[in-house]
Amino acid sequence: MLALSVALHALAAIVWVGGMGFAYWYLRPAAGPLDGPVRLGLWQRVFARFFVWVWIAVILLPVTGYVMVWGQWGGMGSMPLHAHLMQGLGWVMIVLFLYLWFVPYRRFKAALAAGDPPTAAAALDRIRLIVKTNLGIGLVNAAIGASGRYWTF
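Residues numbered from 1 in each chain as written. Predicted model: local features only at pLDDT ≥ 70, side-chain atom pairs only at ≥ 80, totals over all residues. Heavy atoms only, no water.

Caption draft 1: Here's a closer look at the pattern of salt bridges. Applying the stated criterion to the full structure yields one salt bridge. As a salt-bridge pair, Asp 125 and Arg 128 come within 2.9 Å of each other at their nearest N and O atoms. Of the two residues, Asp 125 and Arg 128 are both situated in helix α5 (residues 117-147); the distance of three residues between them amounts to about one turn of the helix. Given the relative accessible area of 38%, Asp 125 is considered partly exposed. The exposure class assigned to Arg 128 is partly exposed, which follows from its relative accessible area of 25%. (Salt bridge = Lys/Arg side-chain N within 4 Å of Asp/Glu carboxyl O. Helix = DSSP H or I, 4+ residues; strand = E, 2+ residues; numbered from the N terminus. Buried < 20%, exposed > 50% of the residue type's maximum accessible area, 1.4 Å probe, protein only.)

In structure tokens form, the structure reads like this:
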């Protein structure tokens, strides 16, 4: 069970953080020159697919993380510093995604449905800032996960 949890945890993190990296570093600049309605439609289709996988990651990461906490360390009291940091940063990422989903993404979809491109574009810009923030946190968290067991204090 522990090995499966580690594998699923790593895959969920790769899908979420890697997807944000692709969207922010590659898709966003490539979509920039497109006309507004085309660009908004592209993002609408991207989000509809990507956010399904983010929801899966948002569920898998804490579940598999806590399986590892109990399976590897026997509980929260025995966790090393890097695991506490990963847990805290992970919950920050989840809260940011929930805000993204329920506020700017909802506005984005509603504005597109109402034929209001300026409001959709403003919501898209808010989504971009949250993705940028979560990408940074996710990269730090991945570095902690990869290196934390080797820390010596």
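Caption draft 2: Just the nonpolar core, in detail. By size, the foremost hydrophobic cluster in this structure holds 32 residues, and its most contacted members are Trp 16, Met 20, Trp 43, Phe 47, Phe 51, Leu 100 and Phe 108. Those elements that provide at least two residues to this core are α1 (2-31), α2 (36-73), α3 (81-102), α4 (104-113) and α5. Considering each element in turn, this core owes the most residues, nine residues, to α2. Excluding residues within four positions of it along the chain, Phe 108 makes contact with Leu 40, Trp 43, Gln 44, Phe 47, Ala 120, Ala 123, Leu 124 and Ile 127. (Core = buried A, V, L, I, M, F, W, Y, C linked by side-chain atoms within 4.5 Å. Contact = heavy atoms within 4.5 Å.)

Caption draft 3: Quick peek at the environment of Tyr 105. Counting through the fold element by element, Tyr 105 comes out in helix α4. Under the relative-accessibility criterion, Tyr 105 is labelled buried at 5%. For the pair Tyr 105 and Ala 123, spaced 18 residues apart in sequence, the C-alpha separation works out to 6.8 Å. Once residues within four sequence positions are removed from consideration, Tyr 105 is found in contact with Phe 47, Ala 48, Phe 51, Leu 100 and Ile 127.

Caption draft 4: Looking closely at the environment of Ser 5. Summarising the element assignment, Ser 5 is placed in helix α1. Residue Ser 5 is classed as buried on the basis of its relative accessible area, which comes to 4%. Along the primary structure Ser 5 and Leu 61 are separated by 56 residues, whereas in three dimensions their C-alpha atoms are 9.0 Å apart. Beyond its immediate chain neighbours, meaning those up to four positions away, Ser 5 contacts Thr 64, Val 67 and Met 68.

Caption draft 5: Spotlight on α3. The first and last C-alpha atoms of α3 sit 32 Å apart over 22 residues, in line with the 32 Å expected at 1.5 Å per residue. The complete set of buried residues in α3 reads His 82, Ala 83, Gly 90, Met 93, Ile 94, Phe 97 and Leu 100. Here the buried residues of α3 occupy an arc of 120 degrees about the axis, which is enough to place them on one side. For α3, the elements touching its buried residues are α1, α2, α4 and α5. (Expected span 1.5 Å × (residues − 1). Arc of directions from axis to C-beta.)

Caption draft 6: Quick look at the side chain of Asn 134. Locating Asn 134 in the fold gives a position in helix α5. Taking the relative accessible area as the measure of exposure, Asn 134 reaches 3% and is therefore buried. The contacts of Asn 134, once residues within four sequence positions are left out, are Trp 16, Met 20, Val 92, Met 93, Leu 96 and Phe 97.

Caption draft 7: Local environment of the packing of α1 against α5. For the pair α1 and α5, interaxial distance at closest approach is 9 Å and the crossing angle is 130 degrees. Taken together, the axes of α1 and α5 are oblique relative to one another. Pair α1 / α5 crosses with left-handed handedness. Contacts from Trp 16, Val 17, Met 20, Gly 21, Tyr 24, Trp 25 and Arg 28 in α1 reach Arg 128, Val 131, Lys 132, Asn 134, Leu 135, Gly 138 and Leu 139 in α5. Looking at side-chain class alone, the contact of α1 with α5 contains eight nonpolar, three polar and three charged residues. (Axes fitted to C-alpha atoms, helices over the stretch in contact; angles between N-to-C directions. Parallel < 35°, antiparallel > 145°, perpendicular 65-115°, else oblique. Left-handed = near helix turned anticlockwise from the far one by under 90°. Nonpolar A, V, L, I, M, F, W, Y, C, P; charged D, E, K, R; others polar.)

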